[in-house]
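# Report on the structure
Each chain, letter by letter, is given below.
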Amino acid sequence: MTTAVTRAGLASCCDDPQDADWGRLPGAEPPLRWWIPAAVTAAVALVLVLVVVLVVRPPGALDDPDPADQRDGLLLEGPALPPDVDGAEFGGRTVVVLFERDEPAGPAFDTWKATVSDDGVELIVRVGAAGEELARRVGMPTPVDGMSPVGYAVVDASRTVRYATLDPVYEKNAFEVDVITGAVA
Amino acid sequence: MSAEPDGWSRAYRPLRPRSLAVQLVLLVVAEIALYASYDVHDARFHWATHFLVALAFASLLLLVRLLVTGAPGPRLLLPAVLGFHLFAMAPDLIFRGGVPHYRWMDVFLGHVAVHYLPGGDGSWLVIALTSLGLFVGALTAWLRARHTEADAGLPPGIGLTGMAVLRPQADPRRATLVHDENDRAAEGPTVVLLHGLGSSSAFWRPVAAELAGKACVVVPNLLGFGASIRLGTHFHLDDQAAAVVRLVERHGGGPVVLAAHSYGAVVAVAVAIDRPDLVRRLVLIAPAAFADAAQARERIGGRSWIARKTMSDSAVAGVACGTMCLLRRPLTSLAPRVAAQISPDIPPDVARDAVRYVWPAYRDALTSLLRDSPLPAWFADPPLPTTVVIAEDDQTVLAGDLEGLLGTEVEVVRVPGTHGLPIERPADVARAILLRGNRRVSITL
């Protein structure tokens, strides 16, 4: 019987597969013990739970009961206002209506006002009960405490309400008003 | 993914402890910076929402990748979370550039819609931790399985999908190939039937039934195929041949009639070369013998998209095969119905087992055909009695191609039929297997 036939290339991994000890070759073992990812993940998950619990505080008295609806950055399409609502005139230019519980004042407000009312945007301020009718017409949300809102609405030149949100810290967020008024201009 | 040491190194790269520690520190620092950028605008809950969404999405994607490819990836695991977070919060970055939100921005991992999930960030926290837990659970099981295999002296089952992601493969040196067996007491020779690529012992059942009472028939599932799907981590030709040798030794040591179909013929000849004392005679039905690798590519690739992609070393083949493994349960239910529409001759169990194999076994079998096939040399001057059954209408192994490879010592039997001869003409194939070696003749059944 001839033995001329051989299997070219078959011995690429080991000469005798029955005696092969591949698993004990360097590099066969994974570089991590199996329990390490689970242990690290458990620790990280614990930290994450704490962070989220601390970071995501429940809505405050002045906030929207549904955080998703507060400062969502989404433009509205309505409602359309008449030219005059409770002494406030609309049409022909973009109007920002600020609702507050106390008369706003101070350098932070001045800065906010300067930022908001540039580019020909008119600012109307309504304080407390004096803004109730206007708040109702522009669709301002009611805060958690059920009292008058603190926040603002943006009405475009065609008297359409394009944005209405509660924002108890509006003085920090002048750029947000600027983005909205810039988009509806 | 290669089952060679350099392949192991590549697969393990995403798990290097030092790299992971550095990635974790970078991720934490980057997230603190992102958190601070939201905190300035009293928008902390937005940071939390988009981070949790990104964590959930990244975890699920990493899980799918692990299940489909049989190895963790990408190389940098944790920056994937940061990347998805930046993607999810992109509309907020755009907002800071002067563009308000629009509904279409939900393409950024549901940037607008995610805020409306009932329960808000509490719900997202649960979803994110569940997704992360699923991924880490699968990764833990994968690591444990690879450690177990290495401890047993097996190459790690990298690239193995299906249950091998979660459980270690069995050691083929300690467990025999799962096989069908009938008529141990039958008169006549012991016949071992080897199936071909993407097949299993089910393929031989019609022939085994024809051989009942005339021979002791043993029909194994090759490593990684059919019922042997959880056997072995390495599927080169020598591994398959060694597994068959062990099976024959455990059945009395032969010599046996080794009958094989298509790719199985390559294994059969490898067995005959390694252990000629175990083989009385070879009967090779539509053997996957080609003049060269180019012809093999043309013939096999022409019949199967996935084979074509595999032979061109395309990563698409691995992903497609891994996805099939992931969907194996529904596919095995669906396959018989689909097969019945295409060809009513295909038995349901053959159709079912056509999707019951692991990707590296399929890939390595094709590699053997291209690079390691001993068939042409064997056919030129076979050291053992060899019968080749040619399927006259075979479109994979063309009769003309095959005849050109056969030396004068090869007994040739011609049978009308296609590449699936053992299920099309089981009686004729059984007769060919039981023929007494009569060289230099050509028979037409």
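Residues numbered from 1 in each chain as written. Chains lettered and ligands numbered in written order. Predicted model: local features only at pLDDT ≥ 70, side-chain atom pairs only at ≥ 80, totals over all residues.

### So, the overall build of chain A
Defined as follows: Secondary structure elements follow DSSP: runs of H or I of four or more residues count as helices, runs of E of two or more count as strands, with numbering from the N terminus. Exposed residues have 12 or fewer other C-beta atoms within 10 Å of their own C-beta, buried residues have 20 or more, and residues in between are partly exposed; the C-beta atoms are placed from the backbone. Once C-beta atoms are placed from the backbone, any two residues with those atoms within 7 Å are in contact.
If you tally the helices and strands in chain A, you get four helices and six strands. The order of helices and strands in chain A, counted from the N terminus, is α-β-β-β-α-β-α-β-β-α. For chain A, with 185 residues in total, the buried portion stands at 36%. The long-range share in chain A, meaning contacts at least 24 apart out of those at least 6 apart in sequence, stands at 69%.

### Section: the environment of B:A432
Checked against the element boundaries, B:A432 lands in helix α19 (residues 426–434). Separated by 17 residues in the primary sequence, B:A432 and B:V415 have C-alpha atoms spaced 9.6 Å apart.

### A closer look at the packing of helix α2 (residues 17–39) of chain B against helix α4 (residues 78–88) of chain B
Residues and elements named next belong to chain B. The line we're drawing: Working convention: axes come from line fits to C-alpha atoms, limited for helices to the stretch in contact. Angles between N-to-C directions cover 0 to 180 degrees. For classification, angles of less than 35 degrees are called roughly parallel, those exceeding 145 degrees roughly antiparallel, those between 65 and 115 degrees roughly perpendicular, and all remaining angles oblique. Crossings are assigned a handedness: left-handed for a near helix turned anticlockwise from the far helix by less than a right angle, right-handed for a clockwise turn. As a working rule, the residues Ala, Val, Leu, Ile, Met, Phe, Trp, Tyr, Cys and Pro are called nonpolar, Asp, Glu, Lys and Arg charged, and the rest polar, with Gly in that last group.
Running from N to C, α2 and α4 point in directions that differ by 20°, and their axes come no closer than 8 Å. As summarised for this structure, α2 and α4 are arranged roughly parallel, according to the angle between their axes. Along this stretch, α2 crosses α4, giving a crossing that reads as left-handed. For the pair formed by α2 and α4, the contact residues are L20, Q23, L24, L27, A30 and L34 on the first element and L78, P79, V81, L82 and H85 on the second. Here the contact of α2 with α4 is composed, by residue class, of nine nonpolar, two polar and no charged.

### As for the domain arrangement of chain A
Put simply, the rule reads: Boundary definitions for the domains trace back to an automatic or database domain assignment.
Per the domain assignment, the segments of chain A are domain 1 (19–55) and domain 2 (67–184). Between domain 1 of chain A and domain 2 of chain A, the C-alpha centre-to-centre distance is 51 Å.

### A look at the interface of chain B and chain A
Chain B puts 56 residues into the contact, and the matching count from chain A is 48 residues. Put simply, the parts of the chain that give the side of chain B that touches chain A at least two residues each are α1 (5–12), α3 (44–69), α6 (120–151), α8 (237–250), α9 (263–274), α15 (359–372) and α16 (375–380) of chain B. Of all the elements, α6(B) adds the most residues to the side of chain B that touches chain A, at 15 residues. Of the residues in the side of chain B that touches chain A, the class split is 31 nonpolar, 11 polar and 14 charged.

### Regarding the domain arrangement of chain B
Residue and element names in this part refer to chain B. According to the domain assignment, chain B contains domain 1 (5–157) and domain 2 (179–444). Taken over C-alpha atoms, the centre of domain 1 sits 44 Å from the centre of domain 2. On the domain 2 side, the residues contacting the nine residues of domain 1 number seven residues. With three residues, α3 is the largest single contributor of residues to the side of domain 1 that touches domain 2.

### Brief notes about unusual backbone geometry
Note that the residue after A:G78, namely A:P79, is joined by a cis bond; omega there is 5°. In the segment running from B:G73 into B:P74, the intervening peptide bond is cis, with an omega of 5°. Residue position: B:P74 is located in the loop between α3 and α4. The phi torsion at B:S262 lies on the positive side, around 55°, for a residue other than glycine. On the secondary structure map, B:S262 appears in the loop between β4 (256–261) and α9. Residue class for B:S262 comes out buried when judged on the 29 C-beta atoms lying within 10 Å of it.

### Some details on the sheet that holds strand β6 (residues 161–166) of chain A
Residues and elements named next belong to chain A. The condition that has to hold: For two strands to pair, DSSP has to find at least two bridges joining them.
Pairing in this open sheet of four strands is mixed, and the strands run β4-β3-β5-β6 from one edge to the other. Two strands bound the open sheet, and with one partner strand each, they are β4 (122–127) and β6. Across the sheet, the mean angle separating the axes of adjacent strands is 15° when strand polarity is ignored. Two strands pair when backbone bridges link them, and strand β3 (residues 95–100) and β4 are joined in this way by six bridges, in the parallel orientation. Among the inter-strand pairings, F99 is bridged to a residue of β4, identified as R126.

### Thoughts on α3(B)
Residue and element names in this part refer to chain B. Test applied: Given the number of residues in a helix, its expected span is that number minus one, multiplied by 1.5 Å.
In this model α3 runs 37 Å from its N-terminal to its C-terminal C-alpha over 26 residues, within 8% of the 38 Å that 1.5 Å per residue would give. For α3, the buried fraction is high: 21 of the 26 residues fall into the buried class. Positive backbone phi, approximately 75°, marks G70, located one or two places after α3.

### Structural notes on the pairing of β3(A)
All names here are of chain A. The following threshold applies: Handedness of a crossover is defined as follows: with both strands directed away from the viewer, a clockwise route from the first strand across the helix to the second makes it right-handed.
Burial within β3 is extensive, with six of its six residues counted as buried. The side-chain alternation of β3 yields two buried faces, one formed by V95, V97 and F99 and the other by V96, L98 and E100. Read from β3 through helix α2 (residues 107–116) to β4, the crossover connection turns out right-handed. For β3 and strand β5 (residues 151–155), the ladder comprises five bridges, and the chain directions are antiparallel. By the bridge assignment for β5, V96 is matched with V154.

### Side note on the environment of A:A28
With respect to the helices and strands, A:A28 occurs in the segment before α1 (36–55). Separated by 65 residues in the primary sequence, A:A28 and A:R93 have C-alpha atoms spaced 72 Å apart.

### Remarks on the confidence of the model for chain B
So the rule is basically this: Each residue carries a pLDDT value, the predictor's own confidence for that position, ranging from 0 to 100.
Per-residue confidence for chain B averages 90 on the pLDDT scale, and 96% of its residues sit at or above 70. Here the predicted complex carries an ipTM of 0.84, next to a pTM of 0.85.

### Observations regarding the nonpolar core
Stated formally: Here, a nonpolar core denotes buried Ala, Val, Leu, Ile, Met, Phe, Trp, Tyr and Cys residues that are linked to one another through C-beta atoms within 7 Å.
Of all hydrophobic cores here, the largest spans 151 residues; its most connected members are B:V191, B:L258, B:V267, B:A268, B:V271 and B:V389. Residue contributions to this core peak at 14 residues, all from α3(B). Once you skip the residues sitting within four places of it in the chain, B:V191 turns out to touch B:L211, B:A215, B:C216, B:V217, B:V256, B:V257, B:A259 and B:I433. By size, the runner-up hydrophobic cluster in this structure holds 30 residues, among which are A:L134, A:V150, A:A164 and A:V184.

### Quick word on helix α13 (residues 328–342) of chain B
Rules: Bend angle per residue: angle between axes fitted to the 7 residues ending at that residue and the 7 residues starting there.
Over its 15 residues, α13(B) extends 20 Å from the first C-alpha to the last, a length consistent with the 21 Å expected when each residue adds 1.5 Å. Taken as a whole, α13(B) carries its principal kink of about 35° at B:L334; the proline B:P336 stands between one and four residues after it.

### Observations regarding the confidence of the model for chain A
Per-residue pLDDT for chain A has a mean of 85; in total, 87% of the residues score no lower than 70. Every residue in residues 1–19 of chain A scores below 50 in pLDDT, and together they form 34 contacts with partners more than four places removed in sequence or on other chains.

### Notes on the pairing of β4(B)
Residue and element names in this part refer to chain B. For β4, the buried fraction is high: six of the six residues fall into the buried class. Along β4, one buried face is formed by V256, L258 and A260 and the opposite face, lined by V257, A259 and H261, is buried too. Here strand β2 (residues 190–194) runs beside β4; their pairing, made up of four bridges, is parallel. Each bridged residue has a counterpart across the sheet, and for V192 the counterpart in β4 is L258. By the bridge criterion, six bridges tie β4 to strand β5 (residues 279–285) in an arrangement that is parallel. Looking across to β5, one finds that V257 is bridged to R281. In this fold, β4 hands off to α9, which returns the chain to β5; that crossover is right-handed.

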